[in-house]
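Listed below are the residues making up each chain.
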Amino acid sequence: MKNVFILFFMFLLTFFSKAQTNNHQKDTLLHLSKVVENMDFNPETKKYFNSIQTHFFYKNRNIQKEVLKTFLEEVPQKGNINTVYIYKKDKLYKMIVSENNKELENIVFLYENDKVSEANFTNKTNLLNTEKQKLEYIDGKLSKITTIYTNTNEKYKSERIISYLSDTEIQVETQNTTEKNGEKQDSWQTNVLYFLDENKNIVKSVEEKDNRQEITSYTYDDKINPYFYQNHLKVIDPLFFLNEKINKNNICSKKTQIIDKNKKDIFTLEEYVIDYQYNEKGYPTKAVRYIDNQPIQEKLFFY
């Protein structure tokens, strides 16, 4: 009997120790308070022409508001773009985007079994434009996304089928159709195969487009990507796990090549590298993007 009590006591110690460790990890997570994005580098002055600042505001670890400020060289400042996030029972329910206190658009999210089942988009500047998104799941995993966009006399429909081929391979097949005045205008299909590493970062994607392939390769650091912990992004983007910008780690390089199957030609569509500076906790504080060894963009992160 004494041994039973000892084992039970040790179990409790282990349980509470793990709970405290998990809570400590949550408490020590840093949240972005501001991101400054500087663009259009001038090699003569060694300065950037344009800048965008995004400020983040939180309550109980949930983001409540984003304020986007633009400082563009040739474009007068129109005002801040404010995005407000509204929650119900700790779940993101509504997202409202406004400028100068005028609502531009909103998205309402509906849930079923604790997962987003629908997202309804309303464009306040043109109420004739509507967009609805329906999400379906199999065994708790996202399996299908149906998006329908309509305006005055046109309709666009997209059906994306997500297949989990293995722990490191995911396939997305998309069927697109357009209609005008009720008559079918066009249809096309795309097929993208994603390859993931052990941290679920996307390391490669292969997209089939008619008679050509588009192949994109990525490399990452082993540090913390602050966007990975912004949970509202995982509601807004249902395919967040295939979005390299909010993977677990930070992108260090990206290269996209086009392969023409008929001509057997290969050309590079996009290629860049990113250098980072980090704080003592491993969060990025500065990221500079280079193309052909020339800086084109700088991001500064504040927590």
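Quick caveat: nothing in here was measured; it's all calculated off a predicted structure. (Residues numbered from 1 in each chain as written. Predicted model: local features only at pLDDT ≥ 70, side-chain atom pairs only at ≥ 80, totals over all residues. Heavy atoms only, no water.)

(A) Here's a closer look at unusual backbone geometry. Located in the positive-phi region is Asn101, a residue other than glycine, with phi close to 65°. Examined against the element boundaries, Asn101 turns out to sit in the loop between β5 (91–99) and β6 (102–112). With relative accessibility at 76%, the residue Asn101 sits in the exposed group. Of note, Asp114 is a non-glycine position whose phi angle comes to about 65°, a positive value. You can see Asp114 is positioned in the loop between β6 and β7 (115–123). (Helix = DSSP H or I, 4+ residues; strand = E, 2+ residues; numbered from the N terminus. Buried < 20%, exposed > 50% of the residue type's maximum accessible area, 1.4 Å probe, protein only.)

(B) Local environment of the side chain of Asn50. Take Asn50: it is sitting in strand β2 (residues 47–59). The class for Asn50 is buried, based on a relative accessible area of 13%. At 2.5 Å, the side chain of Asn50 forms a polar contact with the side chain of Asp40. Non-local contacts of Asn50, meaning those with residues more than four positions away in its chain, are made with Glu37, Asn38, Met39, Asp40, Phe71, Leu72 and Glu73. (Polar contact = N/O pair within 3.5 Å; in protein donor to acceptor, adjacent residues only side chain to side chain. Contact = heavy atoms within 4.5 Å.)

(C) Quick peek at the nonpolar core. With 37 residues, the main nonpolar core has Phe109, Leu142, Ile162, Tyr194, Leu239 and Leu242 as its most contacted residues. Only β5, β6, β7, β9 (141–150), β11 (169–180), β12 (183–196), β14 (212–220) and β16 (265–278) provide two or more residues apiece to this core. (Core = buried A, V, L, I, M, F, W, Y, C linked by side-chain atoms within 4.5 Å.)

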